[in-house]
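Chain and residue survey
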Amino acid sequence: MATASPSVFLLMVNGQVESAQFPEYDDLYCKYCFVYGQDWAPTAGLEEGISQITSKSQDVRQALVWNFPIDVTFKSTNPYGWPQIVLSVYGPDVFGNDVVRGYGAVHVPFSPGRHKRTIPMFVPESTSKLQKFTR
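Residues numbered from 1 in each chain as written. Predicted model: local features only at pLDDT ≥ 70, side-chain atom pairs only at ≥ 80, totals over all residues. Heavy atoms only, no water.

A few words on the pairing of strand E2 (residues 29-35). By the bridge criterion, 7 bridges tie E2 to strand E6 (residues 84-92) in an arrangement that is antiparallel. In the strand pairing of E6, Lys-31 is matched with Ser-88. Two strands pair when backbone bridges link them, and E2 and strand E4 (residues 48-50) are joined in this way by 3 bridges, in the antiparallel orientation. Directly across from Tyr-32, in E4, lies its bridge partner Gly-49. (Pairing = 2+ DSSP bridges. Helix = DSSP H or I, 4+ residues; strand = E, 2+ residues; numbered from the N terminus.)

Below is the structure:
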């Protein structure tokens with residue numbers, strides 16, 4: 001008697017991290033990674049990456065433009081643990097060290113087609129008065 005193997009489905013993610021607005025910072029870069037449930041597995045592409053450093057645009061928006069491509073394919077037998085993309089933005093502090101300037105996450109859209117997502121970025125709070133001062 002043959003046992004039925006579980007059927008799988010594929011999720012293809014093609015897109016880009018286009019830009020960000022951090023009015024108080026310049027010369028920032030972006031890292032992305034995907035987090036997903038235990039039934040999910042990447043089958044093609046990169047599930048993490050790092051962009052180039054970019055400077056603010058000279059227009060009114062002062063946008064940081066990366067146009068950073070994303071291309072990854074996942075397979076799963078179960079929608080539980082649907083993938084999320086996690087973004088972290090880094091830039092130099094007054095001493096030239098790279099520090100996190102913001103981070104955020106959003107689920108990959110559930111429906112096929114073109115989607116544009118705006119991800120709110122959260123900024124970590126310094127824990128000590130010395131860190132707040134040197135920040």
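In this structure, the largest pocket spans a volume of roughly 1,200 Å³. Around the largest pocket, the lining is made up of 38 residues, and of these Gln-16, Val-17, His-115, Lys-116 and Arg-117 lie nearest the centre. Here the lining of the largest pocket gets 10 residues from one element, more than from any other, and that element is strand E1 (residues 9-20). Here the residues of the lining of the largest pocket sort into 22 nonpolar, 10 polar and 6 charged. (1 Å grid on protein atoms, 1.4 Å probe; cavity = no way out; pocket = protein on both sides within 12 Å on 5 of 7 lines; lining within 4 Å. Points joined across faces, edges and corners; volume = space filled by probe spheres on them. Nonpolar A, V, L, I, M, F, W, Y, C, P; charged D, E, K, R; others polar.)

A few words now on the environment of Phe-9. Mapped onto the fold, Phe-9 is located in strand E1. A residue is classified by how much of its surface remains accessible, and Phe-9, at 28% relative accessible area, is partly exposed. Through-space distance from the C-alpha of Phe-9 to that of Leu-28 is 36 Å; in sequence the pair is 19 residues apart. Other than its neighbours up to four places away in sequence, Phe-9 contacts Trp-40, Phe-74, Lys-75, Ser-76, Thr-77, Asn-78, Pro-79 and Trp-82. (Buried < 20%, exposed > 50% of the residue type's maximum accessible area, 1.4 Å probe, protein only. Contact = heavy atoms within 4.5 Å.)

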